[in-house]
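# Structural features, examined
Residues per chain are reported as follows:
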Amino acid sequence: MNPFGIAAQGKGWLGLFTRAGVIGQRYGLTAHKMDGILRRFAGILQLQGCGATFPITGSSLARNKGKIAAYQTQNIEFAVHGYFHIDHKSLPFEQQLAHIQRARQVFEKYHVPVLGFRCPYLRWSEDTLTALQQSGYLYESSQALAWNVTNGHETAAYQRVLKFYNAISAGDFPALPWLEHGLVRIPYCVPDDEALVDRMRLTSGKVMEEIWEAILFETHRLGELYTLGIHPERIAYCEAALVATLEKARRLSPAVWIAKMHEIALWWLERARTTWSIQALQPDLWSLTVDGPPGVTVLGRGVEMITPSVDWDGDYRRATGTE
C-alpha cells in the first residue's frame, strides 16, 4: 500500500503537497505547538460548558508519551484513529486487526479509555467493522454523511473527496446512529473544517458559520444528530464559526444535548433496549406503557393525554410518568 497514493486520491497530487506544507506550518515539528492548540480548544469548550471527542492515532499518543491524555480531565474524550494514519480500507483483515489492536495497546498503556474509533480518511470496510468488534470497541464513526448546504461554494476538490469518502447523502439517509457488527455507528457530517478550509478555500468565519448553522437547524428540525468535525490544527480558522454554532445550539428549543461520542453511543444502546406495549381499552381510548432507562420520556401530540402531563414544546405534551 502506498500511503501517498491513497492520500492523493482524496486531495489530488497538488493538494497533497500543499497539505504537507500546511501541516508543517500549523503543527510545527514539536509536541509543544500541539499542546498549545489543545489548550486553546479546551478553553473554548470550557467557556461553552461542553466536551468533545478527538480521534488521535496510537503513534501520536506514543510519540507524546501520553501527555495528550492529560486533557481527559478537561472533558475531552480521545477516540482511536488507527495506529498510523493510513487507509484501513485498502488493508486485508489481518493487517487491519493488527493495527487496531496495536493502537488499543498504546491507549491502554497511557490509561486512555478505548471506546470508539474513526478511520483515517473516513475509509472503512466490512473487515474494519469486524476487527473493531473483535477488539472490543463500543462505537465507530467513519461514515461520511453529506449535507447540501454549500450555497455555491462547492468545488471540484470537495466533490472528489466526497467520492473518496464514499459519502452518503443526508437527503437519503437519517443523521442517526445505528447498530451494526455489534458497534454503535455514528455518522460524520460533512462539510467539516477540512472541506471548508482546504477544499473550498473559505476564509470567512461568517460563511463557515452559515454552513454549519444550516446543518444544525436542519438536524434540530428533524430530531437528528450533528457530528461537527474540526481538526485541532484548524482551530485558528474555525474558532469563530465553532463558537457561534455552539451558542446557537444552546439557544434552540427543545434543548440540544451536546455530548461526547461515547455518551451518545451508550444512550443509543439504552434506547435500543427500551420496550413499549399498547392496549386498546375502548374504541377511542388506549393504554401505553414504556419500559426504559432512567430519564425515558413519553411525548404526546395530537392526542388527549388523560395521564398527568405538562407542556413540552410546540404541540407536544410530556407525560409525567411512563404510563
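Everything discussed here concerns the structure shown above.
Since the model is a prediction, treat every value here as computed from it, not as a measurement. (Residues numbered from 1 in each chain as written. Predicted model: local features only at pLDDT ≥ 70, side-chain atom pairs only at ≥ 80, totals over all residues. Heavy atoms only, no water.)

## Remarks on the layout of surface pockets
There is about 580 Å³ of room inside the second largest pocket. Lining the second largest pocket are 20 residues, and of these Trp286, Leu288, Glu304, Met305 and Ile306 sit closest to its centre. Of the residues in the lining of the second largest pocket, the class split is 10 nonpolar, six polar and four charged. (1 Å grid on protein atoms, 1.4 Å probe; cavity = no way out; pocket = protein on both sides within 12 Å on 5 of 7 lines; lining within 4 Å. Points joined across faces, edges and corners; volume = space filled by probe spheres on them. Nonpolar A, V, L, I, M, F, W, Y, C, P; charged D, E, K, R; others polar.)

## Digging into the pattern of salt bridges
Close approach of charged atoms lets side chains of opposite charge pair. Overall, the coordinates contain 17 salt bridges when judged by the stated rule. Linking glutamate 209 and lysine 206 is a salt bridge whose minimum nitrogen-to-oxygen distance equals 3.8 Å. Pair noted here: glutamate 209 and lysine 206 are both in helix α8 (residues 205–222), with a separation of three residues, about one helical turn. The shortest N-O distance in the salt bridge between glutamate 233 and arginine 234 comes to 4.0 Å. As far as burial versus exposure is concerned, glutamate 233 and arginine 234 are alike and both buried. (Salt bridge = Lys/Arg side-chain N within 4 Å of Asp/Glu carboxyl O. Helix = DSSP H or I, 4+ residues; strand = E, 2+ residues; numbered from the N terminus. Buried < 20%, exposed > 50% of the residue type's maximum accessible area, 1.4 Å probe, protein only.)

## Side note on the sheet that holds strand β13 (residues 309–311)
The three strands lie next to each other as β12-β14-β13, forming an open sheet whose pairing is antiparallel. Edge positions in the sheet fall to β12 (299–300) and β13, since each of these pairs with one other strand and no more. Strand direction decides the pairing type here: β13 and strand β14 (residues 317–319), joined by three bridges, are antiparallel. In the strand pairing of β14, aspartate 311 is matched with arginine 317. (Pairing = 2+ DSSP bridges.)

## Here we look at the packing of aromatic side chains
The way to describe two aromatic rings as a pair is by their centre distance and the angle between their planes. Counted under the stated rule, the structure contains eight aromatic pairs. Seen from their ring centres, tryptophan 257 and tryptophan 267 are 6.0 Å apart, and the 75° between their planes marks the pair as edge-to-face. Taken together, the residues span a long stretch of sequence, with tryptophan 257 in the loop between α9 (235–251) and α10 (261–272) and tryptophan 267 in helix α10 at a distance of 10 residues. Among the aromatic residues, those joined into a ring-pair cluster are Tyr121, Phe164 and Tyr165. Seen from the ring of tryptophan 124, arginine 185 lies directly overhead, with NZ or CZ sitting 4.0 Å from the centre. Looking at arginine 271, its charged tip hangs above the ring of tryptophan 268, at a distance of 4.4 Å from the centre. (Phe/Tyr/Trp six-rings, centres within 6.5 Å; stacked < 30°, edge-to-face > 60°. Lys NZ or Arg CZ within 6 Å of the ring centre and 35° of its normal.)

## Considerations on the nonpolar core
Formed by 72 residues in total, the largest nonpolar core has its most connected members in Phe78, Phe107, Tyr137, Trp147, Val190 and Trp212. If you tally residues by element for this core, the top one is helix α2 (residues 31–48), at seven residues. Discounting chain neighbours no more than four positions away, the residues touching tryptophan 212 are Pro191, Asp192, Asp193, Leu196, Tyr226, Leu228, Gly229, Ile230, Cys238, Ala241, Leu242 and Thr245. Judged by nonpolar contacts, the second largest core, of 11 residues, contains Val184, Leu225, Ala259 and Ile264. (Core = buried A, V, L, I, M, F, W, Y, C linked by side-chain atoms within 4.5 Å. Contact = heavy atoms within 4.5 Å.)

## Description of the packing of α2 against α9
For the pair α2 and α9, the least separation of the axes is 11 Å and the interaxial angle reads 15°. As far as their axial angle goes, α9 and α2 are roughly parallel. In the packing of α2 onto α9, the handedness of the crossing is right-handed. Contacts from Ile37, Arg40, Phe41, Ile44 and Gln48 of α2 reach α9 at Ile235, Ala236, Glu239, Leu242, Val243, Leu246, Glu247 and Arg250. Counted by class, the contact of α2 with α9 contains eight nonpolar, one polar and four charged residues. (Axes fitted to C-alpha atoms, helices over the stretch in contact; angles between N-to-C directions. Parallel < 35°, antiparallel > 145°, perpendicular 65-115°, else oblique. Left-handed = near helix turned anticlockwise from the far one by under 90°.)

Remember that the coordinates give geometry; whether it matters functionally is a separate question.
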